[in-house]
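Descriptive structure summary
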Amino acid sequence: MNDEPRWPAPWVRAALELAILGSLAPGPVHGYAVAQALQERGFGRLRGGSLYPALARLQESGAIEATWVEGAAGPGRKDYRLTVEGRVRLDEGLAAWRELTDTLDTDDER
């Protein structure tokens, strides 16, 4: 895994909430697993100062829910999952990004 993002920092910041929603699409996971998934996808190593405020904003907006899970052999943790509203936001956000990339594509041979 690469600690450095694959894209410029402003792009990572702009796409962070949508990327978090995408990382939750397969099912509930805890914050550290979200960070790992995003790092594997090229977002670099996210610090808690960017990840957890974004998770809190998404939770406040109703896009995700958090549930406290007691740890079997260690401390408990919050698991995050998409809500129906979060799924809609993810789908609409991905469609908007695709439209943006199509608009930016200068290939005339399409």
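My aim in this report is to walk through the structure given alongside it, one point at a time. (Residues numbered from 1 in each chain as written. Predicted model: local features only at pLDDT ≥ 70, side-chain atom pairs only at ≥ 80, totals over all residues. Heavy atoms only, no water.)

Below, the discussion takes up the overall build of the chain. Summing up its helical and strand segments, the chain has four helices and three strands in all. Going from N to C terminus, the chain has its helices and strands arranged as α-β-α-α-β-β-α. The principal-axis extents of the C-alpha atoms in the chain amount to approximately 55 × 30 × 20 Å. Across the 110 residues that make up the chain, the buried fraction comes to 32%. With the model as given, the accessible surface of the chain reaches about 7,300 Å², and the carbon-plus-sulfur share is 53%. For the chain, the separation between the mean place of its 13 positive charges and that of its 17 negative charges on side chains is 7 Å. (Helix = DSSP H or I, 4+ residues; strand = E, 2+ residues; numbered from the N terminus. Buried < 20%, exposed > 50% of the residue type's maximum accessible area, 1.4 Å probe, protein only. Areas by Shrake-Rupley, 256 points an atom, 1.4 Å probe, with all protein chains shown as cover. Lys, Arg positive; Asp, Glu negative; His and termini not counted. Charge placed at Lys NZ, Arg CZ, Asp CG, Glu CD.)

Once that is clear, we can look at the sheet that holds strand E3 (residues 77-82). Spatially, the three strands line up as an open sheet ordered E1-E3-E2, and their pairing is antiparallel. Among the strands making up the open sheet, the edge pair consists of strand E1 (29-30) and strand E2 (64-69). In this sheet, E3 lies alongside E1 in antiparallel orientation, the contact comprising two bridges. Its bridge partner lying in E3, Val 29 is registered against Tyr 80. (Pairing = 2+ DSSP bridges.)

In the structure shown here, the tally under the stated rule is one aromatic pair. With a centroid separation of 5.5 Å and an interplanar angle of 65 degrees, the aromatic rings of Trp 7 and Phe 43 are classed as edge-to-face. Linking Trp 7 in the segment before helix H1 (9-24) with Phe 43 in helix H2 (residues 31-43), this pair joins segments that are 36 residues apart in sequence. Judged by relative accessible area, which is 28%, Trp 7 ranks as partly exposed. (Phe/Tyr/Trp six-rings, centres within 6.5 Å; stacked < 30°, edge-to-face > 60°.)

With 16 residues, H1 extends 22 Å from end C-alpha to end C-alpha; this agrees with the ideal 22 Å at 1.5 Å per step. Where H1 bends most, the angle comes to about 55 degrees, and this point is Leu 16. (Expected span 1.5 Å × (residues − 1). Bend = angle between axes of the 7 residues up to and from the residue.)

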